[in-house]
Amino acid sequence: MASTFRLQIIAPDRIFYDDEVEMVAVSTQDGGLGVLARHIPLVAPLVIGRVKIKKGGQSKEAAISEGFIQVKRGYTRVITDSAEWPEEIDVERAEAAKKRAEELLRSRKSHVDIMRAEAALQRAIIRLRVANRL
Amino acid sequence: MAVLGLRNIKRHIRGISDIRQITRAMELVASVKMRKARELLGKTRPHFQSIEDVINDIIIYIKEDESRKKKRKVGHELMEAREVKKACYIIVSADRGLAGSYNVNIIRMAQSHMDKQAGEVSVITIGQKARDYFRKRDYEIDGEFTQISEDPTYASAKSIAKLCIEMYIQGSVDEVYLVYTEFLSAVSYNPKLTKLLPLEPKIKESVEDKPQTVKFMLYEPSVEEVLNYLIPKYIESMIYGALVESATSEQSARRVAMKNATDNAGEIIDDLQLKYHRARQASITQEISEIVSGAEALS
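Residues numbered from 1 in each chain as written. Chains lettered and ligands numbered in written order. Predicted model: local features only at pLDDT ≥ 70, side-chain atom pairs only at ≥ 80, totals over all residues.

When its secondary structure is counted, chain B shows five helices and six strands. The order of helices and strands in chain B, counted from the N terminus, is α-β-α-β-α-β-α-β-β-β-α. In chain B, which comprises 299 residues, the proportion classed as buried is 32%. In chain B, 78% of the contacts between residues at least 6 apart in sequence involve partners at least 24 apart. (Helix = DSSP H or I, 4+ residues; strand = E, 2+ residues; numbered from the N terminus. Buried ≥ 20, exposed ≤ 12 C-beta atoms within 10 Å, placed from the backbone. Contact = placed C-beta atoms within 7 Å.)

Another point: the overall build of chain A. Assigned secondary structure in chain A consists of two helices and 10 strands. The order of α-helices and β-strands along chain A, N terminus first, is β-β-β-β-β-β-β-β-β-β-α-α. Overall, the C-alpha framework of chain A stretches about 50 × 30 × 25 Å when taken along its three principal axes. Expressed as a percentage of its 134 residues, the buried residues of chain A come to 34%. Restricting the contact set of chain A to residue pairs at least 6 apart, pairs at least 24 apart contribute 49%.

To continue, consider the nonpolar core. Grouped together as the largest cluster of nonpolar side chains are 98 residues, with contacts concentrated most on Tyr89, Ile90, Ile91, Cys164, Val179 and Ile239 of chain B. Sort the elements by how many residues they give to this core and helix α5 (residues 223-298) of chain B lands first, with 18 residues. Counting the residues that make up this core, at least three belong to each of domain 1 (5-84) and domain 2 (88-132) of chain A. Ignoring anything within four residues of it in the chain, the contact list for Ile91 of chain B reads Ile106, Ala110, Val123, Thr125, Ile126, Ala130 and Val179 of chain B. (Core = buried A, V, L, I, M, F, W, Y, C linked by C-beta atoms within 7 Å. Domains from an automatic or database assignment.)

This part takes up helix α3 (residues 128-136) of chain B. All names here are of chain B. Residues Gln128, Lys129, Ala130, Arg131, Tyr133 and Phe134 constitute the buried set of α3. Next to the buried residues of α3 lie β1 (86-92), α2 (102-115), β2 (120-126) and β3 (140-145). A positive backbone phi angle near 60° is found at Asp138, which sits one or two residues after α3.

The subject of this paragraph is the confidence of the model for chain A. With 95% of its residues at a pLDDT of at least 70, chain A reaches an overall mean of 84. The least confident element of chain A, judged by mean pLDDT, is helix α2 (residues 111-132) of chain A at 79; the most confident is strand β3 (residues 23-28) of chain A at 91. (pLDDT = per-residue confidence, 0-100.)

Residue and element names in this part refer to chain B. Taken in spatial order, the five strands make up an open sheet running β3-β2-β1-β4-β5, and their pairing is mixed. Each of the sheet's edge strands pairs with one partner strand only, and the pair in question is β3 and β5 (188-197). Taking each pair of neighbouring strands and ignoring which way they run, the sheet shows an average axis angle of 20°. Here β1 runs beside strand β4 (residues 175-185); their pairing, made up of five bridges, is parallel. Considered in β4, the bridge of Tyr89 is made with Tyr177. (Pairing = 2+ DSSP bridges. Axes fitted to C-alpha atoms, helices over the stretch in contact; angles between N-to-C directions.)

Next up on the list: the interface of chain A and chain B. Contacts between chain A and chain B engage 21 residues on the former and 21 residues on the latter. Here the side of chain A that touches chain B takes four residues from strand β5 (residues 42-46) of chain A, the largest share from any one element. By residue class, the composition of the side of chain A that touches chain B is 12 nonpolar, three polar and six charged. Of the strand pairs in this sheet, β5 of chain A and strand β6 (residues 218-219) of chain B are connected by two bridges, and their pairing is parallel. Within the sheet, the bridge partner assigned to Leu42 of chain A lies in β6 of chain B and is Leu218 of chain B. (Nonpolar A, V, L, I, M, F, W, Y, C, P; charged D, E, K, R; others polar.)

Attention now moves to the domain arrangement of chain A. Residues and elements named next belong to chain A. Segmentation of chain A into domains returns domain 1 (5-84) and domain 2 (88-132). Using only C-alpha atoms to locate each centre, domain 1 and domain 2 end up separated by 23 Å. Of all the secondary structure elements, the ones that give two or more residues to the side of domain 1 that touches domain 2 are β6 (49-55) and β7 (58-64). Counting residues per element, the side of domain 1 that touches domain 2 draws most heavily on β7, which supplies three residues. Per-class residue counts for the side of domain 1 that touches domain 2 are three nonpolar, two polar and three charged.

This part is about α2 of chain B. The periodicity of an α-helix, 3.6 residues per turn, causes residues three or four places apart in sequence to face the same way. Taking 1.5 Å per residue as the helical rise, α2 of chain B with its 14 residues ought to reach 20 Å, and the 20 Å between its terminal C-alpha atoms agrees with that figure. In this structure, the buried residues of α2 of chain B make contact with β1, α3, β4, β5 and α5 of chain B. (Expected span 1.5 Å × (residues − 1).)

Looking now at the environment of Gly15 of chain B. All names here are of chain B. Inspection of the secondary structure puts Gly15 in helix α1 (residues 2-68). A tally of 14 C-beta atoms within 10 Å means that Gly15 is categorised as partly exposed. Considering only alpha carbons, one finds Gly15 and Ile269, 254 residues apart in sequence, at a separation of 9.6 Å.

Further remarks concern unusual backbone geometry. Residue and element names in this part refer to chain B. In this structure, the amide linkage connecting Leu197 to the following residue, Pro198, adopts the cis form with an omega of -10°. Checked against the element boundaries, Pro198 lands in the loop between β5 and β6. Positive phi, close to 55°, is recorded for Leu98, a residue that is not glycine. Following the sequence through the fold, Leu98 ends up in the loop between β1 and α2. Phi is positive for Gln147, close to 65°, though the residue is something other than glycine. Along the chain, the position of Gln147 falls in the loop between β3 and α4 (154-170). Judged by C-beta crowding, with 11 C-beta atoms within 10 Å, Gln147 ranks as exposed.

It is worth spelling out the environment of Thr153 of chain B at this point. Residue and element names in this part refer to chain B. In this fold, Thr153 is placed in the loop between β3 and α4. The class for Thr153 is partly exposed, based on 14 C-beta atoms found within 10 Å. For Thr153 and Val244, which are 91 residues apart along the polypeptide, the C-alpha to C-alpha distance reads 8.6 Å.

Shown next as structure tokens:
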């Protein structure tokens, strides 16, 4: 039996996840990061992406937007602006958002608009990917 | 004459019971809204507290690092205090009144703190009440947000945070204060003023996890990068927290105010009712004595 640690995923409007897990994988600004029990204490900002949680041999996935991860001894938390399980994702809305963002990017407006559109596009793509996993 | 008096009292009673009906309805609405706001408050507190925790950990880490003098000083432009020429106040009030002393308290608190400032002041107002107050007194208003106090969203907190961080970085303000109402319980809430920028977290002595392993905390990719991300985040969540706390306090203040109004109306009605009965009794007595004396005169 693999050793476990407590994982909390906290969104502004709720505690998204709180349980003992074996592993969590996130995408940081520097790339993928997998955390197992007894990982060295660490803080790292996260990019829009997927969170993978392994518990009891089964794995779960969720979509999160920007946030950060803090690993302490025996306790890890992910704090994010939003988090969703695959079944919570509104596929239609994500698709509409993706289309809108793509159009915005094609139209090429100011710098800020492009950054925002790219972030929106990224979120939409991640949502769709996570949702299709089911 | 007596009949007119009676009619007046009756009309008065009717008027007040209409008012009581309205205040009672408002009380019920406010208590439903308060329950909702409290739920939200319960859900948002962990998020806010976690961010505060992490920030505090980093501050401890930086301090220890500095005391070991192994590395160069790490910091962030939002953490460096400078001479205060202008202070900005973010004031969270309600859009609507009828909430007892809720709006007055928060504005008074901000005002008294401002009066002590040597330099200039400007305000960012949230809610119509604060906006009207400071506009009337010709304060410099750097930003105003209305229609968000009752139902605060993270997005609106984000835009407020962005505004004040930008102003701070440009140097148009040198200090940012946040004035809001902290929700303690359904009957008690406190106006509170905290300094938002420059950042100076109060290091709480939390009993459970003291500096624990903080010395060996790894910051990926670097402490600066983490701070770059985390400080704006912290400001955002502080503001969001303040909005949610204030919204909850507003509803509970309104509920209490309306409950008092309803109770008072009830008392007035009781008084008037008594008066009405007395006047009615008096007029009946008078009529009887008139009849009796009339009958006596005839016999």
